[in-house]
Protein chains: 2
Amino acid sequence: MSAGRLAVVGLGPGVPAWRSPEATARLSRATDLVGYGPYLDLVGPLDPEPRRHASDNREELDRAEHAFTLAADGADVVVVSSGDPGVFAMAAAVLERLETRTARGAPAVEVTIVPGITAASAAAARVGAPLGHDFCCISLSDVRKPWEIVERRLIAAVTADFVLALYNPASRARPWQFGRAIELLREERAAATPVVLGRDVGRPDESVRVTTLGELDPTAVDMRTVVIVGSSTTRTFAEADGRRWVYTPRDYPA
Amino acid sequence: MSAGRLAVVGLGPGVPAWRSPEATARLSRATDLVGYGPYLDLVGPLDPEPRRHASDNREELDRAEHAFTLAADGADVVVVSSGDPGVFAMAAAVLERLETRTARGAPAVEVTIVPGITAASAAAARVGAPLGHDFCCISLSDVRKPWEIVERRLIAAVTADFVLALYNPASRARPWQFGRAIELLREERAAATPVVLGRDVGRPDESVRVTTLGELDPTAVDMRTVVIVGSSTTRTFAEADGRRWVYTPRDYPA
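The rules behind each value
- Residues numbered from 1 in each chain as written.
- Chains lettered and ligands numbered in written order.
- Predicted model: local features only at pLDDT ≥ 70, side-chain atom pairs only at ≥ 80, totals over all residues.
- Heavy atoms only, no water.
- Least-squares fit on C-alpha atoms with pLDDT ≥ 70 in both.
- Contact = heavy atoms within 4.5 Å.
- Helix = DSSP H or I, 4+ residues; strand = E, 2+ residues; numbered from the N terminus.
- Expected span 1.5 Å × (residues − 1).
- Buried < 20%, exposed > 50% of the residue type's maximum accessible area, 1.4 Å probe, protein only.
- Pairing = 2+ DSSP bridges.
- Axes fitted to C-alpha atoms, helices over the stretch in contact; angles between N-to-C directions.

## Here we look at the relation of the copies chain B and chain A
The two chain copies are connected by a rotation around an axis plus a translation along it.
Point 1. For the match of chain B to chain A, the screw axis carries a shift of 0.0 Å, the RMSD comes to 0.0 Å, and the turn is 180 degrees. What the rotation and shift describe, once combined, is the action of a two-fold rotation axis. Considering only C-alpha atoms, the part of chain B nearest the rotation axis is B:Cys136, at 2.0 Å.
Point 2. Mapped onto chain A, 100% of the interface residues of chain B are again interface residues, and the two copies thus contact each other with one and the same surface.

## A look at helix H6 (residues 147–159) of chain B
Point 1. Taking 1.5 Å of rise per residue, 13 residues should cover 18 Å, and H6(B) covers 18 Å from first to last C-alpha, within 8% of that figure.
Point 2. Taken together, the buried positions of H6(B) are B:Trp147, B:Ile149, B:Val150, B:Glu151, B:Arg153, B:Leu154, B:Ala156, B:Ala157 and B:Val158.
Point 3. Buried-residue contacts for H6(B) involve helix H6 (147–159) of chain A together with strand S7 (135–139), strand S8 (163–167) and helix H7 (177–188) of chain B.
Point 4. B:Asp161 lies just past H6(B) and shows a positive phi near 60 degrees.

## Examining the environment of B:Asp41
Point 1. Topologically, B:Asp41 is positioned in helix H2 (residues 37–43).
Point 2. It is 34 Å that separates the C-alpha atoms of B:Asp41 and B:Arg153, two residues lying 112 residues apart in sequence.

## Regarding the sheet that holds strand S2 (residues 32–36) of chain B
All names here are of chain B.
Point 1. In space, the five strands of this open sheet follow the order S3-S2-S4-S1-S5, with parallel pairing throughout. Only two strands of the sheet have a single neighbouring strand rather than two, namely strand S3 (51–55) and strand S5 (110–114). Ignoring strand direction, the axes of neighbouring strands in this sheet form an average angle of 20 degrees.
Point 2. In this sheet, S5 lies alongside strand S1 (residues 5–10) in parallel orientation, the contact comprising five bridges. Across the sheet, the residue bridging to alanine 7 is threonine 112, located in S5.
Point 3. Sitting on the sheet, helix H1 (residues 21–28) touches S1, S2, strand S4 (76–81) and S5, and the angle it makes with S1 is about 135 degrees.

Written as structure tokens, this is what we have:
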């Protein structure tokens, strides 16, 4: 049997309106979908309906290995990510397995990464253009890296006046980390700094809030929230109807 | 006449296969497209064909004002960006004009930002997952910010071991900046660090090269190139057929 194919597909932030045609095409011809259960649900019905292999969110390497096993048997496999699979998502885990398989001479499988719109871009679009100037994307999860490196990066980013996009700000297993991150940011950045909380952006239960670094409630986030913290130049204003916008101007003062 | 609408639409990195359905829908009903000429060309033919208002790449505020004038007269205007309009593109310029218009009580126009896949995500996908861990996006253009702030951010990012995605690395008017940036990065990061050069990714003349920080030719980039510089943990390997991959593992050593 000839080897199959494995695509790591980014659905974008949720709604089909933000899913690329390449992602849709790969999903429509897949024989097998592999992914975290809620992301498989986001795919919606397909015709013909592929086999769906749902797994827990924490079993990324097992999931990647399972996808390779299916593809090596001739399947057309899609590993499903939300957002962009290359940003804190499944592409890195699949590449880790691909390197291991290559080292041990496993049969070749054709691998493709299909990019998507990442959560920070979607949340930013809802309020304007907070990422309009240099920015950093940092995962606050210390499950796979020491908390010290998270702090070091937060301090570096805030000191050099980057906008910050914080992924995975909190979970039940990580209750204090976001509060500690906010403490660090407050030491360097003004209380009036605009902060955007985007939760499930692009999904039916979307919530997007604009607050400030000073007023931000450290318990108001969960693992489905992306947090954008402005730089010293990030601005906010409201239109006459009350709609609030946030953007970071293209000009940086000398 | 009732006020019209203004959408800032990200085409994604080029090919229609990476353009979101929302972007396609907004383009298909637009009466007027406003944008940098080559981006208007990327849109391709539309039916009915909207009016196309091409402008020079540097006239972003004029272009935004023109778009508002058309929309205030009742047009359905799309301001066209490549990639994600929120990342070093037109959304910030449109928000700047919106704030000015709001302050002077100009008639309201319904503004929407339609996100897209940004160039760094597309280039990353072609080689694997170099953005699989914390990363910074920095524009190397010093047209609208002092070069000192660029250097400060490069040093902060490299010292805290971020992956870097460098936008606008060079142009005819900025011949030495990329070379200087590479000098700074070489002081802190190993010569073997993987570097990805993605030029016109997603377009017919796409070029993606993997090199190293030590071997990188500082003259090998232009304004259509996005440069991804790995962190200390970024890895590269080749499959048996020679295909080279780059990824940054999810784990960071303690």
